[in-house]
Amino acid sequence: MLFNFSGIAQEIEEGVLWNQDIQLNWSDFKGKVPPAAVPAATTASGISYKYSANLIHHEVELDYEVNAYFYPNESWYKPDICDDLILSHERLHFDITELFARKMRDKLHRTSFSDNVKVEIRKIYKEILNELKEFQSQYDWETNFSRNAAKQLEWNKKIAKALEKPQ
């Protein structure tokens, strides 16, 4: 018995794929600063996935791709108050998104799926996004949005070390 499933979750805007060899610069932040915006900058990033699954003899064979993206047109900064420390803070938001894309890849790799694979993958995706949101909030809180330079440097090292681990 053979069944084919496929699915995709992707943002509308074309994004910049995360790459360890490329660092964001202020010129990548192309969005307009919203009126009455409080933060100095905002990094819009997200995780997308696509997959195909075959059910062969009650066993699901899954082929998938999970990526972290930066969305330039949704990301913005205030040039008059932004500096290199704030840029490193914003870059780290994108790096954190990549860490959670890796976490999703790992979870997909380790999961045994049923013939309800679409629902199961969607559940994993939602869980990862919730964890990512909480982690990003913790990062902002602990660094006080980059204002705590010592904490910012700690986070920079922590995330750089996590990104060094083999996938």
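Residue positions are counted from 1 within each chain, in the order its sequence is given. It should be noted that, the model being predicted, local features are given only for residues of pLDDT at least 70 and side-chain atom pairs only at 80 or more, the latter also being counted only at that level, while totals for whole chains, interfaces and linings use all residues. Side-chain measures here rest on the full set of heavy atoms in the structure, leaving out hydrogens and waters.

## Here's the deal with the overall build of the protein
So, point 1. For the purposes of this entry, the term helix denotes a DSSP run of H or I that reaches at least four residues, the term strand denotes a run of E that reaches at least two, and both are numbered from the N terminus. Secondary structure assignment for the protein yields 3 helices and 6 strands.
So, point 2. Across the protein, helices and strands are ordered from the amino to the carboxyl terminus as β-β-β-β-β-β-α-α-α.
So, point 3. Overall, the C-alpha framework of the protein stretches about 65 × 30 × 25 Å when taken along its three principal axes.
So, point 4. Sorting the 167 residues of the protein into buried and exposed places 41% on the buried side.
So, point 5. In this description, contact between two residues means that some pair of their heavy atoms is separated by no more than 4.5 Å. The contacts in the protein between residues at least 6 apart in sequence include a share of 81% that link residues at least 24 apart.
So, point 6. Surface summary for the protein: the accessible area is close to 10400 Å², and the carbon and sulfur share equals 51%. Burial classes: relative accessible area under 20% of the type maximum marks a residue as buried, over 50% as exposed, and values in between as partly exposed (1.4 Å probe, protein chains only). Accessibility throughout is a Shrake-Rupley quantity obtained with a 1.4 Å probe, and a residue counts as covered only by protein chains that appear here.

## Side note on the pattern of salt bridges
So, point 1. We count a salt bridge whenever a side-chain nitrogen from Lys or Arg sits within 4 Å of a carboxyl oxygen from Asp or Glu. Per the counting criterion, the structure on display carries 8 salt bridges.
So, point 2. Across the salt bridge formed by Lys103 and Glu131, the nearest N and O atoms sit 2.4 Å from each other. Of this pair, Lys103 sits in helix H1 (residues 84-110) while Glu131 is found in helix H2 (residues 117-143), placing the two residues 28 residues apart along the sequence.
So, point 3. In this structure, a network of salt bridges that share partners links the residues Glu98, Arg102 and Arg105.

## Concerning unusual backbone geometry
So, point 1. At Ala36, a residue that is not glycine, the phi angle is positive and equals roughly 65°.
So, point 2. Mapped onto the fold, Ala36 is located in the loop between strand E2 (16-17) and strand E3 (41-42).

## Focus on the environment of Ala41
So, point 1. Mapped onto the fold, Ala41 is located in strand E3.
So, point 2. Contact partners of Ala41, with chain neighbours within four places excluded, come to Trp26, Trp76, Tyr77, Cys82, Ile86 and Glu90.

## Quick notes on the packing of H2 against helix H3 (residues 149-164)
So, point 1. Axis separation between H2 and H3 bottoms out at 8 Å; the angle between their running directions is 145°. Residue-level contacts link Phe135, Gln138, Tyr139, Glu142 and Thr143 of H2 to Lys151, Gln152, Trp155, Lys158 and Ile159 of H3.
So, point 2. Polarity classes work like this: nonpolar for Ala, Val, Leu, Ile, Met, Phe, Trp, Tyr, Cys and Pro, charged for Asp, Glu, Lys and Arg, and polar for all others, with Gly in that last group. Grouping the amino acids of the contact of H2 with H3 by side-chain chemistry returns 4 nonpolar, 3 polar and 3 charged. To obtain each axis, a line is fitted to C-alpha atoms, and for helices this fit is confined to the stretch in contact; angles are then taken between N-to-C directions over 0 to 180 degrees.

## Structural notes on the packing of H1 against H2
So, point 1. At a minimum axis distance of 10 Å, the contact between H1 and H2 shows a crossing angle of 150°. When the interaxial angle is binned, H1 and H2 end up roughly antiparallel. Classified by chirality, the crossing of H2 by H1 is right-handed. On H2, the residues that touch Ser88, His89, Leu92, His93, Ile96, Thr97, Phe100, Lys103, Met104, Lys107 and Leu108 of H1 are Ile121, Ile124, Tyr125, Glu127, Ile128, Glu131, Leu132, Phe135, Gln136, Tyr139, Asp140 and Thr143.
So, point 2. Within the contact of H1 with H2, the residues separate by chemical class into 12 nonpolar, 6 polar and 5 charged. Comment on the angle field: the value is read as roughly parallel under 35 degrees, roughly antiparallel over 145, roughly perpendicular from 65 to 115, and oblique elsewhere. Helix crossings get a hand from a simple test, with the near helix turned counterclockwise from the far one by less than a right angle marking a left-handed crossing and a clockwise turn marking a right-handed one.

## Side note on the nonpolar core
So, point 1. Ile47, Ile96, Phe100, Met104 and Ile159 are the most contacted members of the largest nonpolar core, which totals 38 residues.
So, point 2. Listed by contribution, the elements that provide at least two residues to this core are strand E4 (45-56), strand E5 (59-70), H1, H2 and H3.
So, point 3. Among the elements that make up this core, the one with the highest residue count is H1 (10 residues).
So, point 4. Other than its neighbours up to four places away in sequence, Ile96 contacts Leu132, Phe135, Gln136, Tyr139, Trp155 and Ile159. As used in this record, nonpolar core signifies buried Ala, Val, Leu, Ile, Met, Phe, Trp, Tyr and Cys residues forming a set joined through side-chain atoms within 4.5 Å.

## Some points on the side chain of Asp95
So, point 1. Looking at the element boundaries, Asp95 is found in helix H1.
So, point 2. Despite its burial, Asp95 remains without a salt bridge, the nearest opposite charge being carried by Arg91 at 7.6 Å.
So, point 3. When neighbours within four sequence positions are excluded, Asp95 is seen to be in contact with Trp18, Ile159 and Leu163. Under the convention used here, Asp and Glu are negative, Lys and Arg are positive, and both His and the chain ends fall outside the count.

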